[in-house]
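# Coordinate inspection notes
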Amino acid sequence: MRIGDAKQTYEADEAIWTSPTQKFWFALFLLALLVFPLMANAYLLYLGCLVGIAVISTTGLNILTGFTGLISLGQAGFMGVGGYTVAWFSLNTGLPFPVTLLLAGLLAAAVGILVGLPSLRVKGLYLAIATLAASVFLHFIFAEWESVTGGMGGLSLEPAHLFGVTFQSDFRMYFIIVPLAVLMVFAARNVFRTRIGRAFIAIRDRDISAEILGIDLLRYKLMSFALSSFYAGVAGGLFAYFYRVVTPESFPLSMSIFYLAAVIVGGMGNLLGGILGAAFMTLIPEILKLLTAALTPFYPNAPVFMSPMLEIIFGALIVGFLIFEPHGLAEIWHRIRRFFSLWPFRN
Amino acid sequence: MDWLFFGEISLAGLAMGGLYALIALGFVIIYKATRVINFAIGEIMMFAAYLFLAFAGGLEMSPWVALPLAVLGGSILGGVIEKVMIRPMLGESPISVVMVTIGVASILVGLVELIWGADPQLLPRFLPREPVFIGEMYLAPKIAYGFLIGAALLILYLLYFRFSRGGVALRATASDQAAAYSMGINVRRVFNLAWVFGSLAASLAGVLVAATGGLSPQFGAIGLSVLVVVIVGGLDSILGALIAGVFIGWLETVAGAYLGGEYRMPATFAVLAVILVIRPYGLFGTHEIERV
Amino acid sequence: MVFMAGLDYFVCGSGHWPDVYDNNNNHNLLVCEAKTERSWLCFLVPGVRGGILSILEISNLSLSFGGVKALQDVSFRVPENTITTVIGPNGAGKTSLFNCISGFYKPQQGTIRYQGEVLAGVKPPARAAMGLARTFQNIALFRGMTVLDNIKLGAHVHMKSGLLSSLAYFGAARREEMAVRREVERHIIDFLEIDHIRRQPVASLSYGLQKRVELARALAMRPKVLMLDEPVAGMNREEKEDMARFILDIREEWDVTVLMVEHDMGMVMDISDHIAVLNFGQVITEGLPADVQNNPEVIKAYLGNSDMDSLRKKLNPQREVA
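As recorded in an unreviewed UniProt entry, chain B goes by the name Branched-chain amino acid ABC transporter permease, listed as coming from Marinobacter albus. We quote the UniProt Subcellular location (unreviewed entry) comment for chain B here in full: "Cell inner membrane". Reading the Sequence similarities (unreviewed entry) entry of the UniProt record for chain B gives the comment "Belongs to the binding-protein-dependent transport system permease family. LivHM subfamily."

The name recorded for chain A in an unreviewed UniProt entry is Branched-chain amino acid ABC transporter permease, from Marinobacter albus. Among the UniProt annotations of chain A, the heading Subcellular location (unreviewed entry) holds the following wording: "Cell inner membrane".

If you want it as structure tokens, here you go:
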């Protein structure tokens, strides 16, 4: 039960965690993240890394689509920019991973700004299609600019390294990916405590009024694009280090749709929702795989049906959440929390 | 430069463009009446083409029976999608509605793969096989006859919207939903009708396109080309859909023939990007006045 | 300099800005001017509140959408520190006028001067930063934010923190946010009596409260000119009275000029210092509330035809016979 949490200062009132209970649970969660790789088997570790990457990318797309209201079908393309940047720099320069990841984010942000430039004239779904065009061009560049991207064969890269330590195992990658994911989610949370985040939301809710109230639309739309694609770039860079190979097919259009689906299923314009959505959507194929494996002894054909079933479940989740739970998993989570916040004194 | 080759390629491209125009028309009908951008149009085409495959191939019906049945199936599918998944989204943000159509597309791809498998298939031949010559230029018969059938439906549509009661209701709803409603037009029915008609056009085009190029669960990607067409032409413009359809079909084929298949998409998307920058509402689309 | 003995004030200068000195310093003055070639002739009306300088000056403004003429040759001025109201029937172009001043519409002709500076070419956000704040006719609150965030958004133009410090929420960004919070709490939320709803999402509020939050947001913009588009539309009597009191208090305590569009004649006549009447995109008349009230043109604009008896006869010929 949460009562009597009156605050003495505005600082305390605007803190992210406003009660000791919340701080306690969050500390417990961080501890669990830390202990997880020590207990988990290889498969769970692999999943943990995948979820971490997905959380970063989904948070990025959430900033753009969920908070600023600019729908983007280019997320996979931006991730590709990050992935190729990391691959190229690690192959040609041998820079350590913090530098390559930063470069990946920055280059993706630059591309994001370029893609966002039409956003002042082009609105709504037309903008979505502009981002679609961008992802077509990016895919073309990945496939055709062979001297840099290695063409259809792509690039293979060395494991990430820093101060002589190489991160060749999933176990070690976990300690890059997950802390970075936590950090980047917090950074996003911070943005929405300041005027920049408010400007984003204002643009989403009523762009014209926002402009009259003093928000430079182009500037903030581009900022949102830059921030979002920075996140995508870092996620793409981690993806490259994780799989140690990038090809044009590593970042297909369906990946952009995957991330949009994660944002929607999780809850648009809700950072917690983005995290839940990313985890949920990443784990669904895995659950389906387990199910298929369990069914194969009885139905030898089961593996054939897995990929189409996955398509159907993806589609059904998108449609179902939009129709029945437009605020996504985050809303479900809040309902559960509300239930327990008064428990056991329920009326 | 080999002008004959260029002419033949252009001709094939224009014929393909005619089919794009038909699909784009279906897209525009849906958009005009309901303001929904239908990302699933390629998948509806695909579904109809698979139905044709099932009727003509699996059940060994005459193709001329299978074709109307498949098109009917596609139209019913459109109507069902509208009723079950689009109508509950009435009044939601356009982003959400578009995402629903993307979800529908994903479901359809999965269903098709589940029923007919993931391998590419060929449709039974049903169009005449004698080569067609226009002057000296050769045109593949399936493309030529496909174009003719498509053009016939297209003209039928235009006449229907111009003169029939349903067509007038559709246009009235497109120009002002509230006014149309108050004049006793059943707007819900019009919405449903628009989806049925739009899917009908797409379904016929789907069978015709699949008859020339084969069919696989990736067939729906053609929806991307159609998207380019309708954006270039203007989402709410039938004239734009026709002109842009023919042009994009031509450009895609020519780019594919001269530069290689990998240039088809970038070429048309480059046109799209230019149009978006200089005329954000397409060549013939309406620019809506914004209000505070 | 012209000195006018026996009067309480005198006028001097020529050009756009009349320099007017008030001998007694305690008179409330309204300036009505007639423009001649290059100079101003000023008639000072004692007993009416308002500054001498016009903070906002609209001259020969014309705006059309295609063939529709929303505004035709509109000219009027907003004297500093007054409550100036623009009235007129629906569709007269009042909101279009506001949108021109905000910079959202670009008039084809005419100029808008704000503190002597021509606004043409100044983008809407820059105008907001210059002190032109407004509310909207159809309530333009940001539904995805709480009341507090909506109000804080108003302070956007006066804040500086950039993206990097926001990501870290450390140092400057944090201090700035806290300063804004303090200011908003002390001067706005308290003043408008909305402290009980600060954490609520705006969508859950009643219409009257939403209007009040919009006003709060406009105040957070630290306005010099506060433009209110129908501040009491759709309110009940009590809410209207509250709002009228707030507007008067704001003018007094915040030292701002209020430019208002309103249909509620009771309130307009009660609190306005200066009224401009718009009909079919043109200014019919301009002046004191009392004068405007009795102007036959205005009555005609509102009622269509002032000769009610002949109108009645036209409508009901049979009854006349009976």
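## Looking at the overall build of chain B
Scanning chain B from N- to C-terminus turns up eleven helices and two strands. When the helices and strands of chain B are placed in sequence order, the string is α-α-α-α-β-β-α-α-α-α-α-α-α. Here the C-alpha radius of gyration of chain B, 19 Å, is about what a compact globule of 292 residues would show, namely 19 Å. Viewed in the frame of its principal axes, chain B has a C-alpha envelope of about 55 × 50 × 35 Å. The burial tally for chain B puts 58% of its 292 residues in the buried class. Across chain B, every contact between residues at least 6 apart in sequence was considered, and the portion connecting residues at least 24 apart equals 75%. For chain B, the exposed surface amounts to about 12300 Å²; the carbon and sulfur share of it is 67%.

## Details of the overall build of chain A
When helices and strands are counted, chain A shows 15 helices and four strands. In terms of overall dimensions, chain A is globule-like: its C-alpha atoms have a radius of gyration of 21 Å, near the 20 Å expected for 347 residues. Relative to its full complement of 347 residues, chain A shows a buried share of 54%. Long-range contacts, defined here as pairs at least 24 residues apart, represent 76% of the contacts in chain A between residues at least 6 apart. Summed over all atoms, the accessible surface of chain A reaches about 14700 Å², with 71% contributed by carbon and sulfur. If the 20 positive side-chain charges of chain A are averaged to one point and the 17 negative ones to another, these points end up 9 Å apart.

## Observations concerning the interface of chain A and chain C
Contacts between chain A and chain C engage 31 residues on the former and 38 residues on the latter. Carbon and sulfur atoms make up 63% of the surface buried where chain A meets chain C, a total of about 3300 Å² over both sides. The interface formed by chain A and chain C contains one salt bridge. The residue Arg198 of chain A makes a salt bridge to Glu177 of chain C at a minimum N-O spacing of 3.1 Å. Put simply, chain A and chain C have twelve residue pairs in polar contact (both at pLDDT 80 or more) between them. Put simply, the parts of the chain that give the side of chain A that touches chain C at least two residues each are α1 (10-13), α8 (170-191), α9 (195-205), α10 (207-212) and α11 (217-243) of chain A. Here the side of chain A that touches chain C gets eight residues from one element, more than from any other, and that element is α9 of chain A.

## With respect to the sheet that holds strand β6 (residues 68-79) of chain C
Residue and element names in this part refer to chain C. If you trace the four strands from one edge of the open sheet to the other, you get β6-β5-β8-β9, paired in antiparallel fashion. Two strands lie at the open edges of the sheet, namely β6 and β9 (117-118), each paired on one side alone. Here strand β8 (residues 109-114) pairs with β9 via two bridges, running antiparallel. Bridge pairing in β9 places Arg113 opposite Val118.

## Comments concerning the interface of chain A and chain B
For an interface, size is often stated in terms of accessible area lost upon the parts coming together. Opposite the 38 residues of chain A that make contact, chain B presents 43 residues. Of the roughly 3500 Å² buried at the junction of chain A and chain B (both faces included), carbon and sulfur atoms supply 81%. Taken as a group, Leu125, Tyr126 and Ile129 of chain A account for 19% of the area that chain A buries against chain B, more than any other trio of residues on that side. Inspection of the chain A/chain B interface yields zero salt bridges. Counting every contact that joins chain A to chain B gives two residue pairs in polar contact (both at pLDDT 80 or more). Secondary-structure elements contributing two or more residues to the side of chain A that touches chain B are α6 (124-144), α10, α12 (253-266) and α14 (302-324) of chain A.

## Details of the packing of helix α6 (residues 165-175) of chain B against helix α8 (residues 187-213) of chain B
Residues and elements named next belong to chain B. Taken N-terminus to C-terminus, the directions of α6 and α8 make an angle of 105°; their axes are 10 Å apart at the nearest point. If you check the angle between α6 and α8, you find them roughly perpendicular. Across from Ala169, Leu170 and Thr173 in α6, the residues of α8 making contact are Val187, Val190, Phe191 and Ala194. Classifying every residue of the contact of α6 with α8 by side-chain character gives six nonpolar, one polar and no charged.

## Considerations on the UniProt feature "transmembrane region" (unreviewed entry) in chain A
Residues and elements named next belong to chain A. Those places that UniProt annotates as "transmembrane region" (unreviewed entry) correspond, in this numbering, to residues 24-56, 63-89, 95-117, 124-142, 171-192, 222-244, 256-283 and 304-324. With 100% helix and 0% strand, residues 124-142 has end C-alpha atoms that lie 27 Å from one another. Spanning residues 304-324, this segment combines 100% helix with 0% strand, and its end C-alpha atoms are found 30 Å apart.

## Let's talk about the environment of Val122 of chain C
All names here are of chain C. Position of Val122 relative to the elements: it lies in the loop between β9 and α2 (124-129). Taking the C-alpha atoms as reference points, Val122 and Tyr302, 180 residues apart in sequence, are found 35 Å from one another. Here Val122 is in contact with Arg127 and Met130, once residues within four sequence places are set aside.

## Quick look at the confidence of the model for chain A
With 97% of its residues at a pLDDT of 70 or more, chain A shows a mean pLDDT of 87. Per-element confidence in chain A ranges from a low mean pLDDT of 75 for α1 of chain A to a high of 93 for α11 of chain A.

## Things to note about the packing of aromatic side chains
Within the structure shown, the criterion is met by 29 aromatic pairs over all chains. Considering the side-chain rings of Phe258 of chain A and Tyr259 of chain A, the 5.1 Å spacing of their centres and the 90° angle between planes classify their relative orientation as edge-to-face. With centroids separated by 5.1 Å and ring planes inclined at 40°, the aromatic side chains of Tyr160 of chain B and Phe197 of chain B adopt a geometry described as tilted. Of the two residues, Tyr160 of chain B sits in helix α5 (residues 141-163) while Phe197 of chain B sits in helix α8, which places them 37 residues apart along the sequence. Residue Tyr160 of chain B is classed as partly exposed on the basis of its relative accessible area of 29%. Taken together through their ring pairs, the aromatic side chains of Tyr46, Phe239, Phe242, Tyr243 and Phe251 of chain A make up a single cluster.

## Focus: the sheet that holds strand β10 (residues 132-134) of chain C
Residue and element names in this part refer to chain C. The mixed open sheet is built from six strands, whose spatial order is β10-β11-β12-β7-β13-β14. The outermost strands of the open sheet, each flanked by one partner alone, are β10 and β14 (282-287). Taking each pair of neighbouring strands and ignoring which way they run, the sheet shows an average axis angle of 20°. Where strand β7 (residues 83-87) lies against strand β13 (residues 274-279), four bridges are found, and the strand directions are parallel. The partner of Thr84 across the bridge, within β13, is His274.

## A word on the UniProt feature "transmembrane region" (unreviewed entry) in chain B
Residues and elements named next belong to chain B. Mapped onto the present numbering, the UniProt feature "transmembrane region" (unreviewed entry) falls at residues 12-31, 38-59, 65-85, 97-118, 138-161, 193-215, 221-251 and 263-282. Helix makes up 100% of residues 65-85 and strand 0%, and the two end C-alpha atoms of the span are 30 Å apart. Here residues 138-161 runs as 88% helix and 8% strand, with 35 Å between its end C-alpha atoms.

## A word on a nonpolar patch on the surface
Residue and element names in this part refer to chain A. Where nonpolar side chains cluster on the molecular surface, the patch consists of Phe24, Trp25, Leu28, Leu31, Leu34, Val35, Leu38, Met39, Phe171 and Phe175 and spans about 1000 Å² of accessible area. Secondary structure elements with two or more residues in the nonpolar patch: α2 (20-39) and α8. The element contributing the most residues to the nonpolar patch is α2, with eight residues. Structurally, the position occupied by Phe171 is in helix α8.

## Thoughts on the pairing of β7 of chain C
Regular strands have side chains that alternate between both faces of the sheet. Residues and elements named next belong to chain C. Burial within β7 is extensive, with five of its five residues counted as buried. Burial along β7 is two-sided: Ile83, Thr85 and Ile87 and Thr84 and Val86, pointing in opposite directions, are all buried. Direction of pairing for β7 relative to strand β12 (residues 257-261): parallel, over a ladder of four bridges. What sits directly across from Ile83, in β12, is Val258.

## Some details on the packing of helix α3 (residues 42-67) of chain A against α11 of chain A
Residues and elements named next belong to chain A. Two elements in contact, α3 and α11, have axes separated by 7 Å at closest approach and are oriented at 165°. One finds that α3 runs roughly antiparallel with respect to α11. Seen along the crossing, α3 lies across α11 with a hand that is left-handed. Residue-level contacts link Tyr46, Cys49, Leu50, Ile53, Ile56, Ser57, Thr59, Gly60, Leu61, Ile63 and Leu64 of α3 to Ser224, Phe225, Leu227, Ser228, Tyr231, Ala232, Ala235, Leu238, Phe239, Phe242 and Tyr243 of α11. For the contact of α3 with α11, the residue count by class is 17 nonpolar, five polar and no charged.

Conventions and cut-offs
- Residue numbers run consecutively from 1 along every chain, following the written order of its sequence.
- Chains and ligands are labelled sequentially in the order written, the chains with letters from A and the ligands with numbers from 1.
- In view of the model being predicted, local features appear only for residues whose pLDDT reaches at least 70, and side-chain atom pairs are presented and counted only at 80 or more, with totals across whole chains, interfaces and linings using the full set of residues.
- Values reported for side chains reflect all heavy atoms of the structure, with hydrogen atoms and water molecules removed beforehand.
- UniProt positions are given in the numbering used here, feature names are shortened, and annotations may be inferred rather than shown by experiment.
- Strands here mean DSSP runs of E at least two residues long; helices mean DSSP runs of H or I at least four residues long; both are numbered from the N terminus.
- Only the C-alpha atoms count toward the radius of gyration. The rule for a globule is 2.2 Å times the residue count to the power 0.38.
- A 1.4 Å probe rolled over the protein chains alone gives each residue an accessible area, and that area as a share of the maximum for its type sets the label: buried under 20%, exposed over 50%, partly exposed in between.
- By the convention used here, residues are in contact when the closest approach between their heavy atoms is within 4.5 Å.
- Only the protein chains shown count as cover for residues, with accessible areas throughout obtained via the Shrake-Rupley method and a probe of 1.4 Å.
- Counted charges follow a simple rule, with Lys and Arg positive, Asp and Glu negative, and His plus the chain ends left uncounted.
- By convention, the point assigned to a charge is CZ for Arg, NZ for Lys, CD for Glu and CG for Asp.
- A quick way to say it: buried area is the sum, across both parts, of accessible area lost when two parts are put together, with a 1.4 Å probe.
- The term salt bridge refers to a side-chain nitrogen of Lys or Arg lying within 4 Å of a carboxyl oxygen of Asp or Glu.
- N or O atoms closer than or at 3.5 Å make up a polar contact, with two conditions inside protein: a donor-capable atom paired with an acceptor-capable one, and, for residues adjacent in sequence, both atoms drawn from side chains.
- Strand pairing requires that DSSP identify at least two bridges connecting the strands.
- Angles shown run from 0 to 180 degrees and are taken between the N-to-C directions of axes, each axis being a line fitted to C-alpha atoms and, for helices, limited to the stretch in contact.
- Each angle receives one of four descriptions, namely roughly parallel if under 35 degrees, roughly antiparallel if over 145, roughly perpendicular if within 65 to 115, and oblique otherwise.
- Polar here means any residue other than Ala, Val, Leu, Ile, Met, Phe, Trp, Tyr, Cys and Pro, which are nonpolar, and Asp, Glu, Lys and Arg, which are charged; Gly is therefore polar.
- For every residue, the pLDDT score states the predictor's confidence, bounded by 0 at the bottom and 100 at the top.
- Pairing of aromatic rings covers Phe, Tyr and the six-membered ring of Trp, with a centre-to-centre limit of 6.5 Å; geometry is then stacked below 30 degrees between planes, edge-to-face above 60, and tilted otherwise.
- Distance thresholds for patches are 9 Å for like charges and 5 Å for nonpolar side chains (Val, Leu, Ile, Met, Phe, Trp, Tyr), applied to residues having over 30% relative accessible area and no salt bridge.
- Here is the rule for handedness: rotate from the far helix to the near one, and if that takes an anticlockwise turn smaller than a right angle the crossing is left-handed, while a clockwise turn gives right-handed.

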